[in-house]
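Residue-level structural notes
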Amino acid sequence: MKIGQKLLVGAVALTLVPLALTAGLLWQGATSLSSQTVDTQVQTQLSALRDQKTQQLKDEVEYRMAALRTLGGNQATVEAMARFKTAFADAAKEAGKVDDAAANRRAMLEYVDTQFGPEFVKRNPDKAPELTALVDARDANTTRLQADYITTNTNKLGEKEKLFVAPGTSSYHALHARYHATFEKAQKQFGFYDIFLIDTATDQIVYTVYKELDFCTRLSEGIAAKTKLAEAYYRVKNAKSRDDQHLTDFEPYLPSYNDQAAFAAVPVFDGDRQIGVIAMQYPIDKITTTINSNQSWDKIGLGASGDAYVVGADKLLRTNVREVLTAKPQFIASMGDRVSPAVKALI
């Protein structure tokens, strides 16, 4: 699973994002109508399609947000949040003398060099940024759990979520075995890219489904600090009610190889007290599919060359254009020297 829409850059709330439509439509019998009449009919059809797609986009976003709110209010989520917070804090202590911080550090640096780095290069024009300082800044609990669920996890890159319980007898492993299947099922059922449980007392991510490099890191200082995930979290960290929520725009997200990512977050309450935040990484492919009707341009009246796409208030694309989806090599070639190789690599 990955987010591959590299044209999506900029900042604008999805619920307010404007929709731009272009179309090349062939009209049968147009010779019998005046040019002005044809133009009016085309504009009317495009306006109707724009309004329809805008509503569909709003419905798509609201479906994901409603699913996240439901998950955040589920009693199993409340219990998992409370228990993972405690288990995370005891992870290194429970490992005891068998824990080898130096070996865990070497293993993570090797993982970054041999797995994360090469995948980053596949998706970007430049190599991955230097992460040694972030690796060295991890606390003992993060180091221990990333070793258990990432570096010694034998599932291949992109499938680390298949590990339901790591070897050992720690309380964290027992909780992971108990709750991981539930959250993984929710992630797939609702079409989220990832799900995060975050402790509001420490700003610590105490659980994720997907097990990328943000797993068990701190949003105040780790690899996900100052990202859209951190933005979503801090907007609901001190929620006034259970109904508080925040959805960010898309921007590159380093733990996901700088693929474009947006995040939504809602508070988790135990009774009247907020104990955490549950967040999800938004699946941008769902937005693209909604706008182009799963690449069925003909069926929505856009003919052989028409297109529908989302443009932000900053006038930058939020979804790929038709040419990129259907004829990417030709589209890139048509740019010639007007666009640098680095920009072309992002398409």
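Residues numbered from 1 in each chain as written. Predicted model: local features only at pLDDT ≥ 70, side-chain atom pairs only at ≥ 80, totals over all residues. Heavy atoms only, no water.

What about the environment of Arg-144?
Of note, Arg-144 is situated in helix α6 (residues 140-151). In this structure Arg-144 comes out as buried when scored by relative accessible area, which is 13%. Taking the C-alpha atoms as reference points, Arg-144 and Arg-105, separated by 39 residues in sequence, lie 9.6 Å from one another. Within the structure, the side chain of Arg-144 is placed 2.7 Å from the side chain of Asp-148, a separation counted as a polar contact. (Helix = DSSP H or I, 4+ residues; strand = E, 2+ residues; numbered from the N terminus. Buried < 20%, exposed > 50% of the residue type's maximum accessible area, 1.4 Å probe, protein only. Polar contact = N/O pair within 3.5 Å; in protein donor to acceptor, adjacent residues only side chain to side chain.)

Observations concerning helix α10 (residues 322-334)
Between its terminal C-alpha atoms α10 stretches only 14 Å, short of the 18 Å expected from 13 residues at 1.5 Å a residue. A maximum bend of about 115° is found in α10 at Lys-328, where proline Pro-329 lies one to four positions downstream. Inspection of α10 places Arg-322, Val-324 and Ile-332 among the buried residues, and these make up the whole buried set. Count one or two residues on from α10 and you reach Gly-336, which has phi positive near 60°. (Expected span 1.5 Å × (residues − 1). Bend = angle between axes of the 7 residues up to and from the residue.)

Things to note about the nonpolar core
Ranked by internal contacts, the top residues of the largest apolar core, which has 65 residues, are Phe-84, Phe-116, Tyr-172, Phe-183, Leu-197 and Ile-278. For this core, the leading source of residues is helix α1 (residues 35-73), giving nine residues. Core analysis: the second largest hydrophobic core is formed by 16 residues, Phe-196, Leu-229, Ala-230 and Tyr-253 among them. (Core = buried A, V, L, I, M, F, W, Y, C linked by side-chain atoms within 4.5 Å.)

A look at the environment of Ala-76
Assignment of secondary structure puts Ala-76 in helix α2 (residues 75-89). Of the residues examined, Ala-76 reaches a relative accessible area of 28% and is grouped as partly exposed. Separated by 106 residues in the primary sequence, Ala-76 and Thr-182 have C-alpha atoms spaced 8.9 Å apart.

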